[in-house]
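Survey of secondary and tertiary structure
What follows is each chain in one-letter form.
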Protein chains: 2
Amino acid sequence: MKLTSKGRYAVMALVDLARFNNINPVSLRDISLRQGISLDYLEQIFSKLKKKEIVQSVRGNQGGYVLNKKAKEIKLTNIFDAVDEKVKTVQCKKDSKKGCNGKPTKCLTHNLWDELENHINDFFEKKSLEDLVQDNTERRI
Amino acid sequence: MKLTSKGRYAVMALVDLARFNNINPVSLRDISLRQGISLDYLEQIFSKLKKKEIVQSVRGNQGGYVLNKKAKEIKLTNIFDAVDEKVKTVQCKKDSKKGCNGKPTKCLTHNLWDELENHINDFFEKKSLEDLVQDNTERRI
DNA sequence: TAGATACTTGACTATTTTAGTCGGGTTTAT
DNA sequence: ATAAACCCGACTAAAATAGTCAAGTATCTA
């Protein structure tokens, strides 16, 4: 059970972006250099963040990306959702109405995984980008 | 971010086993049939569970597996640990003492992932096999 | 208006992980 | 003796991941 790089990178990049946000658009090149993430990969990630209206783009020279909402209003859930980093614990419940594995009853552990998903998602819904930025500037003093 | 089948199967199989535990050893063949898990794969999984002393084996005809502890004392953590289903959020912290990515400072989101890991592990430490078995027999009435 | 910077898009690919399979054992109750 | 079960290690197909690569388009600045 692990978080993928795509999700981690998305969060790292947005924290980086949020810190410079109010001054100028931030270019992916800068983020790439500061965070050590492949530029090409960042482009894929930001394309998704843009589609979900988490960031706005400014094209051309001196362009870059800007947050599209207040940092406080961007929750981890939104970020993960944007880049398709979902919490998946079971394969069940996609086809039949209640059952798993095609069987009529739920599998023995179905409720457990549901609980787990909720537990994790709670965490993601509480954390905002602002929390993360603050967490970081505090530490630096 | 998803749970692998190995982890899920281990838990499913143990819940199944726990329900018949006090009568006779339970054969993997039976678990395989009831839970729809490949027998060969189950053997791999139980070999690990045995190494970590979560189950005991009874060889020969009419053999099978038995729990090695009370269901109450087997926590999800123990099961996941046994089958190498770990919660991994970051790659950092393996080499250098404090830093990530070889840099001297922690990455911007390091503490976040640590928090997340703890949050998830809390969940796993609280749930015992007994909880799961009860959860299941209640539902059946 | 040329050139550089930066976003945009889509296809391609190497690597790793996962979820098994397969083929041989050994042990023990009946 | 033999069938049921555990035991063990090597192998493999498929999927997902983490990128790379190539060819654009838009915009600012000199």
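To keep things clear, this report deals only with the structure shown in the data block. These figures come from a predicted structure and were not determined experimentally.

The rules behind each value
- Residues numbered from 1 in each chain as written.
- Chains lettered and ligands numbered in written order.
- Predicted model: local features only at pLDDT ≥ 70, side-chain atom pairs only at ≥ 80, totals over all residues.
- Least-squares fit on C-alpha atoms with pLDDT ≥ 70 in both.
- Near = placed C-beta within 6 Å.
- Helix = DSSP H or I, 4+ residues; strand = E, 2+ residues; numbered from the N terminus.
- Nonpolar A, V, L, I, M, F, W, Y, C, P; charged D, E, K, R; others polar.
- Buried ≥ 20, exposed ≤ 12 C-beta atoms within 10 Å, placed from the backbone.
- Contact = placed C-beta atoms within 7 Å.
- Pairing = 2+ DSSP bridges.

**Quick word on the relation of the copies chain B and chain A**
The transformation that overlays chain B on chain A combines an axial shift of 0.0 Å with a rotation of 180°, and the residual RMSD is 0.1 Å. Considering both components of the superposition, the chain copies are consistent with a two-fold axis.

**Some points on the protein's contact with DNA strand C**
The immediate surroundings of DNA strand C are formed by 25 residues, with Thr4, Ser5, Ser38, Asp40 and Gly60 of chain B found nearest. Residue assignment for the surface near DNA strand C shows that the elements contributing at least two residues are helix H2 (28-35), helix H3 (39-51) and strand S2 (64-67) of chain A together with helix H1 (5-20) and helix H3 (39-51) of chain B. Residues of the surface near DNA strand C, tallied by class, amount to 3 nonpolar, 15 polar and 7 charged.

**Description of the protein's contact with DNA strand D**
Near DNA strand D you find 25 residues, and of these Thr4, Ser5, Ser38, Asp40 and Gly60 of chain A are the closest. Classifying every residue of the surface near DNA strand D by side-chain character gives 3 nonpolar, 15 polar and 7 charged.

**Focus: the environment of Ser128 of chain A**
Residues and elements named next belong to chain A. Summarising the element assignment, Ser128 is placed in the loop between helix H5 (110-126) and helix H6 (129-140). Overall, Ser128 belongs to the partly exposed group, with 19 C-beta atoms counted inside 10 Å. In this structure the C-alpha to C-alpha distance between Ser128 and Ala13, which are 115 residues apart in sequence, comes to 14 Å. Contact partners of Ser128, with chain neighbours within four places excluded, come to Ala71, Lys72, Ile74 and Lys75.

**A look at the pairing of strand S1 (residues 55-58) of chain B**
All names here are of chain B. Bridge count for S1 against strand S2 (residues 64-67) is 4 bridges, and the pairing is antiparallel. Opposite Gln56, over in S2, you have Val66 as the bridge partner. With antiparallel pairing between neighbouring strands as the criterion, S1 and S2 make up a hairpin whose turn holds 5 residues, including Gly60 at a positive phi of roughly 85°.

**A few points about the interface of chain B and chain A**
Taken together, the contacts link 29 residues of chain B with 29 residues of chain A. Of all elements in the fold, only H1, helix H5 (110-126) and helix H6 (129-140) of chain B reach the threshold of two or more residues within the side of chain B that touches chain A. The dominant element in the side of chain B that touches chain A, judged by the number of residues it contributes, is H5 of chain B, at 7 residues. When grouped by side-chain class, the residues that make up the side of chain B that touches chain A number 14 nonpolar, 9 polar and 6 charged.

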